[in-house]
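Here are the chains, one letter per residue:
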Amino acid sequence: MNRVTGRSGGDSLIEMSPSDSYNDDINGYYHNSDSPGPRYGQSECHGVCVETCESLNTSMATLASSDHSDEVQVDAHTLEPISSLTGFWKKRALFLKFRARIEKQQQSKDLVFFRDGVRRIDFVLSYTEEGDRKHGRKRELYEANLEKVGLELETEDKSESEDGKTYFVKIHAPWEVLATYADVLKIKAPFKASDISKKYGMPMKCLATPFRLPEHIMNPESDYFTTTFTKSKSDFFLIDDKDTFFTPATRNRIVYYILSRCPYAEDECVEKDKKGIKRLLNNGTYTAAFPLHDSRYWTRSKDTSCESERYNLYQYWAKFSCFFKEQPLNLIRKYYGERIGLYFAWLGFYTEMLFFAAIVGTFCFMYGVFSYKDNEWSKEICSDQIGGNIVMCPLCDKKCSYWKLNITCNASWQSNLFDNVGTLFFAVFMGIWVTLFLELWKRRQARLAYEWDLVDFEEEQQRLQIRPEYENKCTSRKLNPVTQESELVLERTATDLVGKLFLCWVTVLFWLSLTVACIIGVIAYRLAVYAAFASFMKENTHLNKMGSSITPQLATAVTGSCINFVIIMILNLMYERVAIWITDLEIPKTHVEYENKLTIKMFLFQFVNYYSSCFYVAFFKGKFVGYPGGYSYMFGQRTKLRNEECDPGGCLIELTTQLVIVMTGKQVWGNIQESLVPWLMNWWRSRKSRRHPESLYTRWEQDYNLLMVGQLELFYEYLEMVIQFGFITLFVASFPLAPLLALFNNIIEVRVDAWKLTTQFRRPVAAKAHSIGAWEEILSGIAILSVVTNAFIVAFTSEMIPRLVYMYAYQPDRSMKGYINNSLSVFNISAMPLDNRPEEEENPPWLNASITTCRYHDYRYPPGHENQYTHTMQYWHIFAAKLVFVIVMEHVVFLVKFFLAWLIPDVPADVRDRIKRERYLVQEYLHNYEVEKLTNELSANQDACTCEEHL
C-alpha cells in the first residue's frame, strides 16, 4: 500500500457553503517572494528536527517580504512538531505548513481519483490510531485481504489531516474485479442500442412544458437493450471504455459487496464472525466507510473527468424553487441507485395522485360552506324559541350543571362544514381513488422496472442478497433444490425456533398493550379533567362569556389530543429500538426478508400508536354512555369516571379535531426534524472549518464530515408516508381537507428529502430493489380497511343517517323542521340519582322549580311511559338503516374497486412488448455471438494445423 498525504477533521469540518468559501484560484494564500527573511535560531526551534528547522528557515526567507503575512490566521493544534514555538514564529510556521500542503498536492479539492489522476476512488475508509491496539492488526489483515481480492488501496497519512489523527484509505476496483463481481451479482449491461421508439408520453405535451426539465437531466443515459453481464463474454457487450463502462453507483455497490464479506483474520484461522466492514465499524476499527460524491453541490467540479451529477441534482431537484418541476428520476437512479430512485418515484406519483383527491376534497368542503345557511337543525339550535328553551342534562357528575342547547350554536354550524352530503360522496370517491392509485402505481412501477433493468431481479438476486449477519451464524451447508448449488444454512432446533418466536411476539403484544394502556390513560385524563374545565370556565367570567366558542368539551378534546400526540412521539422512539431488536433476534436470511419483517412490526406498532385515538373517537366515544339515572362508567361506577359523551356538535367534529392535531403535528414535526436536525449537526461540526480556506479540503474530507445515511433511513421515509396515507384514507370522511394538507406536506417533503440527501449526507451505497416491497401489501390492506372505516364513520359517527331517516320516514313534507326536538329524549329531574346531580353552587341562576325535565341525545321513551327510558322503535329503525348503509356502501365500493383492478393491467402493453423484444434479441445475439466465436476458433485451429504441415 502506498502512503500519501491527505486531510480530515473528525468533528470539525463539513463541506462549506458557497458563502463561506474562498476563491478557488487564490486558494486563500499569497504567492512566494524572493525577498530574504529572518531565520529560525536554535532557541526558537525548541527541539524541532533539523530538517523541519531548515525547511522553515528557507520558506520564511520568501515569506517575510509579504506585506500581508501578519493577516494569516491558522489553528495551532494542526501542527504538533512546532507546537512549542511561540508568537510570530509559530504563526508563520503553521502558515507555511498549510501552504506547503497545497503546493505539494497540486490537485483539485473535488478530485475523485487516486494520486495518479487515473484510477477512480470507489470507496473510502477512515480510521484513527486511538483505542485498542488490536484494531491496527485487524486493519492490516483486512486491507491485506482486500488487496488479495484485487482491490487497489492508497492511504492518506494522518499528518496532513486537520486533527492530525485521521487516516483515509482510498479504494479502487480495477476492471478485473468489477467484471468478476458484475458476473457474480448478475448486473445487467448494454449489448445493443434500443430500436424501439417510446410511444408513451404526456397528452397535450405543450401544456406540460413549464414542468419539464432539460432532456440531458431527465435522460442522462442512452436507451439500450441489456442482459446479465458475463465476464467470459465481455466482448459481447458495448464496452467503449472500461473505466466508464460501470457507473460510479454500480462500482460502489460492487466494492461494498466485497467489503461486507472480506475477513479480517489470517486465512488459516478465519472465524465466521470476523468478517465484514460493518463489524469493523461497530467495534471502532474504522470510523467511517463511504463512497464519494462526485463534486460539491453548489458548483461543478473543475475536473472534466468528474460528472458533477451531484451539482445537477441540487440545481434541478433539491432546490425548493423546483417544487413544481418533475423529478429527474433517471438521474437519481444513476447517482443513488434503484432503491432510492424507486422511493422518490413512488413519492412523486403519490403526490401527483393526491392533487386530484385534494381538488375533490376541497369542493366537498366548499359545498359545506355554501350550504351553511340551509342548515335547518342548526337554526333550531341557535333559535331562542327552540334551542334557548331546551334544558339539557349535566354532562358529568357533581361539577357539571344543567345547560341550554343554544350554547352549542357555533359548534353546530362548524360541524355542518364536514357533516353533510358531500361527506358521503367524498368517502365513496376516496374508496375508488385508492384503487386507482394502487393500480396505476403498479403500471408505473412495471415501466420503471423495465427501464431500470429490474425485471426478474428478485428471482436472480434473492440468493445473492444474503445478509453477512446470517452468514456469520451459519454452521453448515445444504444443497438448494432450485439452484442445485450448495448454500449456507442456519440450523435451528425446534425449541430454539419456538422460543425465539414466542419471545418476539410476546414482546410485540406487550408493547401494543402498552400503547392501548396509554390511550386509555388519555381517555381517563379527559374524563377526570372535564369537570375541572367546566368548573374553571364557570368561575372565570371572561371565559364564561366565550362559552359558545370555547366549551369544556372543546378544551378537553384539544388538550387530550395534544397530550396524545406527545405520547405518540415518545412511544415512537421506543418502538424503533424494540422492533429492530426483535427482528435481529429472528436472524432473517436476506436483506429483503429483514426489511419485510421489520416493516410489518414497525407498521403494526405505528398503526396502533397513531390511529388508536382516532378509532376511539370515531367508534367508541359517545356510544356507550347510558342515560340519566343509568350512566355507564369506565372500570365500574366506583371509579367515578363516567364514559365520555360526544361534543354537542357531534362526535364527527371531535374526530376532525383529533385528526388535524395528530396529522398536522406529525407532518410539521417530521419536516422540522428532517431538515433542521441534519443542518444543525453539520453546522456544529463545521464551526472550526469556517476559519480556513476551503481549497484545503479534499473530496473525501468534505464527505467524511457529512452525516451518514442510516441503514434504515429509507425505511423511515416510507413509514412516514404510509402513516400519512392511513390518515387520509381511513378517516377522510371526517375531514375532506386531509388530502390537501397531505399534498402541501408532500410537495415540501420531496424537496426536503432531496436537499437533505444531496447536501447534508454522505453518498449512500447504491442498492437495487425491484419494487417498494412489503409497503405495497400494507397500502393494499389500508385501502381495503379504509372502505370499512369510512362507511362506519358516515353511518355511526356522523348524524347523516338519523337525519335521512327522520326526513323520509317521520316527516311527511320531507323537511328537517322539528328534527332537534325529535332527536332528544326527556328525563325527569326529580329521578336524578344523588351521585349524578350537580352540586347546588354549580346550578345556573335561571334554574328554578318550574323546570322539571332535562333532555339528552338518544331515542328513549319519556318518563311515565310503560317502557320508560328504553329505546324507541325509531332508534331501531335508525340502527337498521345504518347497517344497511354500511353493507350497501361497502359492496358498491368493493365492486368498483375489483372491477378497476381487473380492468387495469399491472404491466402496460408496450412494456410487455419491449420485454419480449429484449428477450428475443438476447437469444438471437447470443446465438450469433457463439456461432461467430466458434467459427473463429475453428478457423484459428485450421490455420495452426496448416502452419504445422508446412513446417
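Residues numbered from 1 in each chain as written. Predicted model: local features only at pLDDT ≥ 70, side-chain atom pairs only at ≥ 80, totals over all residues. Heavy atoms only, no water.

## Comments concerning empty space enclosed by the protein
Left-over empty space is what a probe sized like a water molecule reveals as it rolls over the atoms.
Item 1. For the structure shown, the criterion picks out three cavities of 30 Å³ or more.
Item 2. In this structure, the largest cavity encloses a volume near 80 Å³.
Item 3. Contributing to the lining of the largest cavity are V112, R120, I121, D122, P248, N252, P291, L292, H293, D294 and R763.
Item 4. Of the residues in the lining of the largest cavity, the class split is five nonpolar, two polar and four charged. (1 Å grid on protein atoms, 1.4 Å probe; cavity = no way out; pocket = protein on both sides within 12 Å on 5 of 7 lines; lining within 4 Å. Points joined across faces, edges and corners; volume = space filled by probe spheres on them. Nonpolar A, V, L, I, M, F, W, Y, C, P; charged D, E, K, R; others polar.)

## Things to note about the state of the cysteines
Item 1. On inspection of all chains with the given rule, the structure shows three disulfides.
Item 2. For C396, the disulfide goes to C400, at an S-S distance of 1.6 Å. Across the S-S bond linking C396 and C400, the dihedral sits near 95°, which makes this disulfide right-handed.
Item 3. Accessibility expressed as a relative area gives 4% for C400, which makes it buried. (Disulfide = S-S within 2.5 Å. Buried < 20%, exposed > 50% of the residue type's maximum accessible area, 1.4 Å probe, protein only.)

## Focus: the side chain of R699
Item 1. For R699, the position within the fold is in helix 23 (residues 699-704).
Item 2. Here H293 takes part through its backbone oxygen, which lies 3.5 Å from a polar atom of the side chain of R699. (Helix = DSSP H or I, 4+ residues; strand = E, 2+ residues; numbered from the N terminus. Polar contact = N/O pair within 3.5 Å; in protein donor to acceptor, adjacent residues only side chain to side chain.)

## Regarding helix 26 (residues 774-797)
Item 1. The terminal C-alpha atoms of helix 26 lie 32 Å apart, and with 24 residues this matches the ideal 34 Å at 1.5 Å per residue to within 8%.
Item 2. Where helix 26 bends most, at L785, the angle is about 25°.
Item 3. Of all 24 residues making up helix 26, 17 are buried, and the element is well covered by its neighbours. (Expected span 1.5 Å × (residues − 1). Bend = angle between axes of the 7 residues up to and from the residue.)

## Details of helix 11 (residues 329-336)
Item 1. Burial analysis of helix 11 places seven of its eight residues in the buried class, which makes it a mostly covered element.
Item 2. The set of residues buried in helix 11 consists of L329, L331, I332, R333, K334, Y335 and Y336.
Item 3. In this structure, the buried residues of helix 11 make contact with helix 6 (215-218), helix 8 (248-259), helix 10 (309-318), helix 12 (338-370), helix 15 (421-451) and helix 25 (738-760). (Contact = heavy atoms within 4.5 Å.)

## What about the nonpolar core?
Item 1. Of all hydrophobic cores here, the largest spans 140 residues; its most connected members are W317, W346, Y350, W433, Y611 and F727.
Item 2. Not counting residues within four places of it along the chain, the set of residues in contact with W317 comprises N312, C322, Q327, P328, I332, Y336, F344, V750, R751, A754, L757 and T758.
Item 3. If you look at the next biggest cluster of nonpolar residues, it comprises 45 residues, including F123, Y127, A173 and I258. (Core = buried A, V, L, I, M, F, W, Y, C linked by side-chain atoms within 4.5 Å.)

## Examining the pairing of strand 4 (residues 166-172)
Item 1. The element strand 4 is extensively covered by neighbouring structure, given that seven of its seven residues are classed as buried.
Item 2. The side-chain alternation of strand 4 yields two buried faces, one formed by T166, F168, K170 and H172 and the other by Y167, V169 and I171.
Item 3. As judged from the six bridges shared by strand 2 (residues 123-128) and strand 4, these two strands associate in the antiparallel manner. Bridge assignment links T128 to a residue of strand 4, and that residue is T166. (Pairing = 2+ DSSP bridges.)

## Quick word on the pattern of salt bridges
Pairing of side chains with opposite charge becomes possible as their charged atoms draw close.
Item 1. The final tally for this structure, using the stated rule, is 27 salt bridges.
Item 2. Put simply, E309 and K334 hold a salt bridge, and the shortest N to O gap is 2.8 Å. Within this pair, whereas E309 is found in helix 10, its partner K334 is found in helix 11, the two being separated by 25 residues in sequence.
Item 3. You can call E309 buried: its relative accessible area is 6%.
Item 4. Between R339 and E595 there is a salt bridge, with the nearest N and O atoms lying 2.4 Å from each other. Within this pair, whereas R339 is found in helix 12, its partner E595 is found in helix 21 (residues 591-619), the two being separated by 256 residues in sequence.
Item 5. The exposure class of R339 is partly exposed, given its relative accessible area of 21%. (Salt bridge = Lys/Arg side-chain N within 4 Å of Asp/Glu carboxyl O.)

## Here's the deal with the packing of helix 5 (residues 175-184) against helix 8
Item 1. Where helix 5 meets helix 8, the closest approach of the two axes is 10 Å, and the angle between their N-to-C directions is 80°. Judged by the angle between their axes, helix 5 and helix 8 are roughly perpendicular. In contact with V177, L178, Y181, A182 and V184 of helix 5, helix 8 contributes R251, I254, Y257 and I258.
Item 2. For the contact of helix 5 with helix 8, the residue count by class is eight nonpolar, no polar and one charged. (Axes fitted to C-alpha atoms, helices over the stretch in contact; angles between N-to-C directions. Parallel < 35°, antiparallel > 145°, perpendicular 65-115°, else oblique.)

## Some thoughts on the packing of helix 24 (residues 713-730) against helix 25
Item 1. Put simply, helix 24 and helix 25 touch, their axes get as near as 10 Å, and they point 170° apart. What the angle tells us is that helix 24 and helix 25 run roughly antiparallel. Here helix 24 contributes E713, E717, E720, M721, Q724 and I728 to the contact with helix 25, which in turn contributes A738, P739, A742, N745, N746, E749, D753 and K756.
Item 2. Its residues placed into classes, the contact of helix 24 with helix 25 shows five nonpolar, three polar and six charged.

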